[in-house]
Amino acid sequence: PFAADGWLFSLNGRIDGWPDTVAPLAERLPVTTLLSMEALTDSVLLWELVRARLATGQPPAAAVTETVQQVLQVAPESRLNLLLTDSHTIIATTVTHSLWTHQRGEATLVSSEPLDDDPAWQPVADQRLVVAATDRVTVTRLPDPAG
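Bear in mind that the values here come from a model prediction, so they are computed numbers and not experimental data.

Participant: I keep staring at the environment of H102 and nothing clicks. Help me out?
Facilitator: With respect to the helices, strands and loops of the structure, H102 is situated in strand 5 (residues 100-104). Its relative accessible area of 2% is what places H102 among the buried residues. For the pair H102 and W121, spaced 19 residues apart in the sequence, the C-alpha separation amounts to 4.7 Å. Residues in contact with H102, not counting those within four places in the same chain, are A107, T108, L109, D118, A120 and W121. A polar contact of 2.9 Å, which involves the side chain of H102, links it to the side chain of D118.

Participant: Just to check I follow, could you spell out the sheet that holds strand 5 for this structure?
Facilitator: Strand order in this open sheet of 3 strands is 6-5-7, and the pairing throughout is antiparallel. Taken across any chain shown, the strands that pair with only one partner, and hence form the sheet edges, are strand 6 (107-111) and strand 7 (122-123). As paired strands, strand 5 and strand 7 are joined by 2 bridges and run antiparallel to one another. Its bridge partner being in strand 7, W100 is matched across the sheet by P123.

Participant: Sorry, what's going on with the pattern of salt bridges here?
Facilitator: Any two side chains of opposite charge can pair if their charged atoms end up close together. Per the stated rule, a full pass over the model turns up 5 salt bridges. Close ionic contact of R104 with D116 constitutes a salt bridge, the shortest N to O distance being 2.5 Å. Here the residue R104 occupies a position in strand 5, and D116 occupies one in the loop between strand 6 and strand 7, the gap between them amounting to 12 residues. The network of salt bridges with shared partners includes D5, E48 and R51.

Participant: Just checking my understanding: could you explain helix 4 (residues 60-74) for this structure?
Facilitator: Note that an α-helix has 3.6 residues per turn; residues three or four places apart therefore point the same way. Taking 1.5 Å per residue as the helical rise, helix 4 with its 15 residues ought to reach 21 Å, and the 22 Å between its terminal C-alpha atoms agrees with that figure. Every buried residue belonging to helix 4 is among A63, V64, T65, T67, V68, Q69, Q70, V71 and L72, and all of these are buried. Packed against the buried residues of helix 4 are helix 1 (23-26), helix 3 (42-55), strand 3 (79-85), strand 4 (90-94) and strand 8 (128-132).

Participant: For this particular structure, what's the right way to read the packing of aromatic side chains?
Facilitator: A ring pair, where both rings are aromatic, is described by two values, the distance of the centres and the angle of the planes. If you walk through the whole model with that rule in mind, you get 1 aromatic pair. With a centroid separation of 5.4 Å and an interplanar angle of 20 degrees, the aromatic rings of F9 and W47 are classed as stacked. With F9 in strand 2 (residues 7-14) and W47 in helix 3, this pair connects stretches of sequence that are 38 residues apart. Residue classification places F9 among the buried residues on the basis of a relative accessible area of 1%. According to the relative accessible area criterion, W47 is buried, its value standing at 1%.

Participant: Any chance you could explain the nonpolar core here in plain terms?
Facilitator: One broad trend across soluble globular proteins is that nonpolar side chains are buried collectively. Among the nonpolar cores identified, the biggest contains 31 residues, and F9, L46, V50, V68, L80, L82 and L84 are the most heavily contacted of them. Elements that contribute at least two residues to this core include exactly strand 1 (2-4), strand 2, helix 1, helix 3, helix 4 and strand 3. Ranked by residues supplied to this core, first place goes to helix 3 with 7 residues. Beyond its immediate stretch of four places on either side in the chain, L80 contacts L11, N12, R14, I15, L46, V68, V71, L72, T93, T94 and V95. I90, A92, L99 and V110 belong to the second-largest nonpolar core, a separate cluster that totals 7 residues.

Calculation notes
- Residues numbered from 1 in each chain as written.
- Predicted model: local features only at pLDDT ≥ 70, side-chain atom pairs only at ≥ 80, totals over all residues.
- Heavy atoms only, no water.
- Helix = DSSP H or I, 4+ residues; strand = E, 2+ residues; numbered from the N terminus.
- Buried < 20%, exposed > 50% of the residue type's maximum accessible area, 1.4 Å probe, protein only.
- Contact = heavy atoms within 4.5 Å.
- Polar contact = N/O pair within 3.5 Å; in protein donor to acceptor, adjacent residues only side chain to side chain.
- Pairing = 2+ DSSP bridges.
- Salt bridge = Lys/Arg side-chain N within 4 Å of Asp/Glu carboxyl O.
- Expected span 1.5 Å × (residues − 1).
- Phe/Tyr/Trp six-rings, centres within 6.5 Å; stacked < 30°, edge-to-face > 60°.
- Core = buried A, V, L, I, M, F, W, Y, C linked by side-chain atoms within 4.5 Å.

Structure representation (structure tokens):
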């Protein structure tokens, strides 16, 4: 999990062929970003790619979606459950990995697996984007990475 600029981010999964497959994506980041990354892992690179998009004013759901699309273009066998939140909205993806949602009153939980036996847990289909706000959860199909 990573935190900066009012955002929390995590990855449950992996980039296939790390780091070779995503080297062209890393080249798009400023050198100072690469040199100051917290660690040399696929999670950190994804976080920095999302952060770079957010810094340009791109909406959070678009920033996550486009990052996932770019990674899948170069590493299609990746498993990408990304989770981004600002404490008001949760943006999550499911790519070849399980994801579940649960509405509890005005709160929404998003998790890779149910946290308890409550039947209100709902599985999210593969290749989906989840945007969870206080009053609603929207699940849409991720665009095809091939365009």
